Amino acid sequence: MIVAQQKPLEDIRQMARGFRRLLVLGCGTCTTVCFAGGEKEVGLLATSLRSALGQEIEIEEAVVQRQCEWEFLDQVGEAVGRAEAVLSLGCGVGVQGIGERYPGVVVLPGLNTTFMGLTEAPGIWEERCMACGDCLLHRTGGICPVARCAKSLLNGPCGGPQDGHCEISPENPCAWVLIYDRLMQQGRVEQLEEIIPVRDWKASHSGGPRRIVRPDLREMVEEEV
Ligand code: SF4
Ligand code: SF4
């Protein structure tokens, strides 16, 4: 899931200052699961802003199931219409989705969208994927060196791991030690002898914004219309 965290209240207060009608809009999927943008967080943030900004501002609250899909954003059209600004507690995709659906309203990002991660344990999330566009997990024992090696190395570790930990961030395990251990456990360590060729990073964000078009789905939709 996409993991995000709320911006400091003071930053949000500064962004919201000057608007008279604000809609605090949560997202019912990823940012609810990581306790950054669900119904409870919308309520708490709206209350804090009311007491921080006082009479200056009228605050409405709403949550949609996903801010990244038009059908859900359409459900809050009236509330958005009443607002001068929407404070989104969705990820950056949600913020931009609101802006595209309702170009006349100012959208403020209430969260810092941080990474795609796993819930390691309650209250602990860790990055697992950088959406590189050319997944190689079948070659690395299911552990991602792009996201989990500080240098995104593709063919084994740098010279720096110490006691199984990364030289850049000693609090993290070295991704390549994890990969080696996993492949050993699976009896597939010979997999490491296969060199992963230099990648074409165009499939990653280095090629600019990416787009997926599924002609089969487009045809189905067009037939239904
Ligand atoms: S190889 Fe790419 S797509 Fe696969 S998990 Fe890593 S970053 Fe994500
Ligand atoms: S120590 Fe391991 S994880 Fe850290 S940069 Fe080197 S290879 Fe990557």
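What counts as what
- Residues numbered from 1 in each chain as written.
- Chains lettered and ligands numbered in written order.
- Predicted model: local features only at pLDDT ≥ 70, side-chain atom pairs only at ≥ 80, totals over all residues.
- Heavy atoms only, no water.
- Near = heavy atom within 4 Å.
- Nonpolar A, V, L, I, M, F, W, Y, C, P; charged D, E, K, R; others polar.
- Patch = residues over 30% accessible without salt bridge, like charges linked within 9 Å, V, L, I, M, F, W, Y side chains within 5 Å.
- Areas by Shrake-Rupley, 256 points an atom, 1.4 Å probe, with all protein chains shown as cover.
- Salt bridge = Lys/Arg side-chain N within 4 Å of Asp/Glu carboxyl O.
- Helix = DSSP H or I, 4+ residues; strand = E, 2+ residues; numbered from the N terminus.
- Buried < 20%, exposed > 50% of the residue type's maximum accessible area, 1.4 Å probe, protein only.
- Contact = heavy atoms within 4.5 Å.
- Pairing = 2+ DSSP bridges.
- Axes fitted to C-alpha atoms, helices over the stretch in contact; angles between N-to-C directions.
- Left-handed = near helix turned anticlockwise from the far one by under 90°.
- Arc of directions from axis to C-beta.

**Focus on the site of ligand 1**
(1) Moving on: Looking at ligand 1, the residues that line it are Cys129, Met130, Ala131, Cys132, Cys135, Leu136, Leu137, Cys144 and Val146.
(2) Moving on: Partitioning the shell around ligand 1 into residue classes produces nine nonpolar, no polar and no charged.

**Considerations on the site of ligand 2**
(1) Moving on: Every residue lining ligand 2 is accounted for by Cys149, Ala150, Lys151, Leu153, Pro157, Cys158, Pro161, Cys166, Glu167, Cys174 and Ala175.
(2) Moving on: Counted by class, the shell around ligand 2 contains nine nonpolar, no polar and two charged residues.

**Side note on a nonpolar patch on the surface**
(1) Moving on: Residues Tyr180, Met184 and Leu192 make up a contiguous nonpolar surface patch of roughly 270 Å² in combined accessible area.
(2) Moving on: Mapped onto the secondary structure, Tyr180 falls in helix 8 (residues 175-185).
(3) Moving on: Assessed through its relative accessible area of 40%, Tyr180 is described here as partly exposed.

**Topic: the side chain of Thr31**
(1) Moving on: Turning to its location among the elements, Thr31 is positioned in helix 2 (residues 30-33).
(2) Moving on: In this structure Thr31 touches Ala4, Ala36, Gly37, Gly38, Leu89, Gly90, Cys91 and Leu111, once residues within four positions along its chain are discounted.

**So, the sheet that holds strand 1 (residues 2-6)**
(1) Moving on: Spatial ordering of the open sheet is given by 1-6-7, a layout of three strands whose pairing is antiparallel. Every other strand in the sheet has two partners, leaving strand 1 and strand 7 (124-129) as the edge strands with one partner each. With strand direction ignored, the average angle separating the axes of adjacent strands in the sheet is 70 degrees.
(2) Moving on: Examined bridge by bridge, strand 1 and strand 6 (residues 111-121) share five bridges and lie antiparallel to one another. Residue Gln6 lies in a different strand from strand 6, and its bridge partner there is Leu111.

**A short note on unusual backbone geometry**
(1) Moving on: We note that Ala131 has phi near 50 degrees; this positive angle belongs to a residue other than glycine.
(2) Moving on: As for its position among the elements, Ala131 is in the loop between strand 7 and helix 7 (145-148).
(3) Moving on: Among the residues examined, Ala131 registers a relative accessible area of 28% and is labelled partly exposed.
(4) Moving on: Residues other than glycine seldom take positive phi values, yet Ser152 does so here, at roughly 50 degrees.
(5) Moving on: Looking at the element boundaries, Ser152 is found in the loop between helix 7 and helix 8.

**Comments concerning the packing of helix 1 (residues 9-16) against helix 3 (residues 39-53)**
(1) Moving on: Direction vectors running N to C along helix 1 and helix 3 enclose 65 degrees, while the axes themselves pass 11 Å from each other. As helix 1 packs across helix 3, the resulting crossing turns out to be right-handed. Across the interface between the two elements, Leu9, Ile12, Arg13 and Ala16 from helix 1 touch Leu45, Ser48, Leu49, Ala52 and Leu53 from helix 3.

**Digging into the pattern of salt bridges**
(1) Moving on: In total, this model carries 14 salt bridges according to the counting rule given.
(2) Moving on: When the shortest N-O distance is used, the salt bridge between Glu120 and Arg128 registers 3.6 Å.
(3) Moving on: With a relative accessible area of 44%, Glu120 lands in the partly exposed category.
(4) Moving on: For the salt bridge of Glu222 with Arg218, the shortest nitrogen-to-oxygen distance reads 3.7 Å. One end of the pair, Glu222, and the other, Arg218, are both in helix 9 (residues 215-224), four residues apart, so they sit about a helical turn from each other.
(5) Moving on: Because the salt bridges share partners, they merge into one network encompassing Glu120, Glu126 and Arg128.

**What to know about helix 8**
(1) Moving on: Buried residues of helix 8: Ala175, Trp176, Ile179 and Leu183, and no others. One side of helix 8 carries all its buried residues, which in axial view fall inside an arc of 95 degrees.
(2) Moving on: Elements that come into contact with the buried residues of helix 8 comprise helix 7.
(3) Moving on: Taken from the residues just after helix 8, Gly187 is the one with a positive phi, measuring 65 degrees.

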